[in-house]
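Listed here are the chains, written in short residue letters.
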Amino acid sequence: MADNGGKKITLKSSDGEEFEVPEVVAMESQTIRHVIEDVCAKNSIPLLNVNSKILSKVIEYCKKHVAAAEAAASKASTEEGTAAAASVTKPSDEDLKTWDAEFVKVDKGTLFNLILAANYLHIPGLLDLTCQAAADMIKGKSAKEIRKFFNLKNCISPEEEEEIRRENQWAFEEEKRTRAFDAYA
Amino acid sequence: MNPSMSDRRGSRARRRWPSLSGMMSALVVEQLERKTESEPVPEEEQSDRWSSLLPELLGEIVRRVEAGCDRWPQRRDVVSCAGVCKRWRVVTQSVVRKPIECGKFTFPSSLKQPGSKETMTQCFIKRNKKESIYYLYLGLTHSLMDLGKFLMAAKRYRRGAHGEYIISLDVEDMSQGGYSYLGKLRSDFLGINFKIYDSQQPDDSFKLLPTRSGSHFSSKRFGSKRVSPNPSVGNFEVGQISYKFNLLKSRGPRRIHTTLQTSSQTSKEEDSLLHEYKPESPKLKPNSVVSPKLVLKNKAPRWHEHLQCWCLNFHGRVTVASVKNFQLVSENDQEETVLLQFGKVGDDIFTMDYKEPLSAFQAFAICLTSFGTKLACE
């Protein structure tokens, strides 16, 4: 990323650590962007809801995405003709996707905090990425397994439990039915 | 990106503050410093925090789960989400759309909701002649060799002078008081007049299946041998089907006349096809709701001189000639749009295609009437 000596801003995590980042990176967060735009220049923005570990991950994400956008923009402007530009930007899209996939390979505690941070700081791309990662963790799991995985309490009423049992039996029916059909056929 | 989320966040941040720089800085800093519900927690407690996730954020996650499983069997992930805990259940139910909008089955309640308006929902029925059991599946691919998603099953019983098909979510539980009971189809002795009964009031079918109140637990819980239907699960008449006498007295096509009670929640365009439905069953209370009715008749096949048979265009979905095959259209529809189509494709396998305003349950019940001999009719 071109470090052209642009304006820098300091972000301070809840546990007191300070991160100096280019303003353009910090502005990936719409929350921070509005602080910068609406308020006179502040040297340091405290973020009491994000600890240093998570903030450093968030900054890493923002840096990468700003860099990728800048690279794509500069390549598009230097290439002659849109066809050439299109073929050049595609590989970098793939690279970014790969990078994103690696980025969210974290434990679920960290993922949880990343979701909250993405929401709090209003970073749409990061929110999408982290929520999708959580959704991918859910795939293929039964209700019981999901509950165990996320350490959730089962507060279902007996009536609802009956309904849920019926739904699950119907949804997961094919294992039973396959056996029944084997017997019949 | 979810627009409602960004609007909520964006509007709060975009508020224009008065240009008193000192006060402004303080106010904005206060906004950032204001503790939200997600306070920083030590690492070891983080795994417990998922239970505190904002409903909107949980919705973002569940929405992505739902979007990622269009088809069965993967779609059971959505059902899993709905069974995790109360909060997840509420969120999942709000994320899932009805079959009429998305053309997909998600919960058993989908079975009693109208199908897609645009396309025919393609299903198939497998018959076990020996046991008199009929299994309805949603077709998952165009090949009938694939298993499909099981929807419901019906078993035929003799009840004195009548025949009855009990329709249930679970083949192993065909009792009327059972947890999985959906409804039944009752025929007269001749097998030409039928009535469809729904276990729930028709407009309740948009809720999930009925549950028992504390005082009406079934025999399973108390271990008694009660056989009578559970009082909180009823039998509401929702349709009548008649096969008309065939005046030619040969193996000509049957004439089928069907009257169905439909939900008042089907699309407005269908209103012109609907009149008031007045069920004949005396079991209904006097002040029960009278819902719009749909009258269907079968599309008349044409005699094909060359092939020497009666023909209907089933668009490849029916491949074996049979007197059971039919297409139903609305009595009032000049264009004769096929709303239900049923026909044989193999010894014990039949296709069933239907669309809005019919539901899978109604379509299946109507198709069941086609089985069995019809005395005095052919």
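Asker: Whenever I open this one, the overall build of chain A confuses me. Can you help?
Answerer: Helix and strand counts for chain A come out as nine helices and three strands. When the helices and strands of chain A are listed from N to C terminus, the series reads β-β-α-α-β-α-α-α-α-α-α-α. When each of the 185 residues of chain A is scored for burial, the buried share is 44%. Within chain A, contacts between residues at least 6 apart in sequence are counted, and of these 63% link residues at least 24 apart. When the accessible surface of chain A is split by element, carbon and sulfur atoms take 52% of a total near 9,200 Å².

Asker: Would you take a moment to explain the confidence of the model for chain A for this structure?
Answerer: Residue and element names in this part refer to chain A. Confidence in the prediction of chain A, expressed as mean pLDDT, is 84, and 82% of residues score 70 or more. The lowest-confidence element of chain A is helix α9 (residues 174-184), averaging 49 in pLDDT; the highest-confidence one is helix α6 (residues 124-138), averaging 96. For residues 179-185, every residue scores under 50 in pLDDT, and the model assigns this stretch six contacts once sequence neighbours within four places are set aside.

Asker: Help me out: how do you make sense of the pairing of strand β1 (residues 8-12) of chain A in this one?
Answerer: As a general feature of sheets, a regular strand has side chains that alternate between the two faces. All names here are of chain A. When β1 meets strand β2 (residues 18-22), the two strands line up antiparallel, connected through five bridges. Bridge pairing links K12 to E18 in β2. Taking the residues between adjacent antiparallel strands as the criterion, β1 and β2 are bridged by five residues, where G16 takes a positive phi near 85°. Pairing of β1 with strand β3 (residues 44-46), which is carried by three bridges, proceeds in the parallel orientation. What sits directly across from K12, in β3, is P46.

Asker: Whenever I open this one, the pairing of strand β15 (residues 349-354) of chain B confuses me. Can you help?
Answerer: Residues and elements named next belong to chain B. In terms of burial, β15 is largely enclosed, as six of its six residues are buried. Of the two faces of β15, the one holding I349, T351 and D353 and the one holding F350, M352 and Y354 are both buried throughout. Linkage of strand β14 (residues 338-346) to β15, two consecutive antiparallel strands, is achieved through a turn of two residues.

Asker: Please clarify how the nonpolar core should be interpreted in this entry.
Answerer: One broad trend across soluble globular proteins is that nonpolar side chains are buried collectively. Judged by nonpolar contacts, the single largest core of 64 residues is most densely connected at B:I125, B:L340, B:M352 and B:F364. With eight residues, helix α8 (residues 360-368) of chain B is the single largest residue contributor to this core. Sequence-distant contacts of B:L340, defined by excluding residues within four places in its chain, comprise B:F326, B:Q327, B:L328, B:M352, B:D353, B:Y354, B:L358, B:A363, B:I366 and B:C367. One finds A:I36, A:C62, A:Y120 and A:L127 within the second-largest nonpolar core, a separate group that totals 59 residues.

Asker: I tried to follow the packing of aromatic side chains on my own but got confused; where do I start?
Answerer: Given two aromatic rings, their pairing is described by the distance between the two centres and the angle made by the two planes. All names here are of chain B. Taken as a whole, this structure holds 17 aromatic pairs over all chains when the rule is applied. Ring geometry for Y137 versus F150: centroids 6.0 Å apart, planes at 70°, classification edge-to-face. Of this pair, Y137 sits in strand β2 (residues 133-138) while F150 sits in strand β3 (residues 149-159), and the two are 13 residues apart along the sequence. Classification of F150 as buried rests on a relative accessible area of 1%. Pairwise contacts between aromatic rings join Y134, Y165, F326, F342, F350 and F371 into one cluster.

Asker: Explain unusual backbone geometry here, please?
Answerer: Negative phi is the rule for most residues except glycine; trans is the rule for most peptide bonds. All names here are of chain B. Look at the link from W72 to P73: it is a cis peptide, with omega at 0°. The residue P73 is located in the loop between α3 (55-67) and α4 (76-81) in this model. Non-glycine residue S132 carries a positive phi angle of around 55°. With phi around 55°, H315 is a residue other than glycine that occupies positive phi space. Along the chain, H315 falls in the loop between β12 (309-311) and β13 (326-330).

Asker: Would you take a moment to explain the sheet that holds β1(A) for this structure?
Answerer: In a beta sheet, neighbouring strands are held together by backbone hydrogen bonds and run either parallel or antiparallel to one another. Residues and elements named next belong to chain A. Within the open sheet, the three strands sit side by side as β2-β1-β3. Their pairing is mixed. Among the strands making up the open sheet, the edge pair consists of β2 and β3. Neighbouring strand axes in the sheet, compared pairwise and without regard to direction, differ in orientation by 30° on average. Its contacts with the sheet place helix α3 (residues 52-78) against β1 and β2, and it is angled at close to 10° to β2.

Asker: Looking at this structure, I do not really get the environment of A:C131. What am I missing?
Answerer: With respect to the helices and strands, A:C131 occurs in helix α6. The exposure class of A:C131 is buried, given its relative accessible area of 0%. Sequence separation between A:C131 and A:F112 is 19 residues; the distance between their C-alpha atoms is 9.1 Å. For A:C131, the contacting residues outside a window of four places in its chain are A:I115, B:L57, B:E60, B:I61 and B:R64.

About the cut-offs
- Residues numbered from 1 in each chain as written.
- Chains lettered and ligands numbered in written order.
- Predicted model: local features only at pLDDT ≥ 70, side-chain atom pairs only at ≥ 80, totals over all residues.
- Heavy atoms only, no water.
- Helix = DSSP H or I, 4+ residues; strand = E, 2+ residues; numbered from the N terminus.
- Buried < 20%, exposed > 50% of the residue type's maximum accessible area, 1.4 Å probe, protein only.
- Contact = heavy atoms within 4.5 Å.
- Areas by Shrake-Rupley, 256 points an atom, 1.4 Å probe, with all protein chains shown as cover.
- pLDDT = per-residue confidence, 0-100.
- Pairing = 2+ DSSP bridges.
- Core = buried A, V, L, I, M, F, W, Y, C linked by side-chain atoms within 4.5 Å.
- Phe/Tyr/Trp six-rings, centres within 6.5 Å; stacked < 30°, edge-to-face > 60°.
- Axes fitted to C-alpha atoms, helices over the stretch in contact; angles between N-to-C directions.

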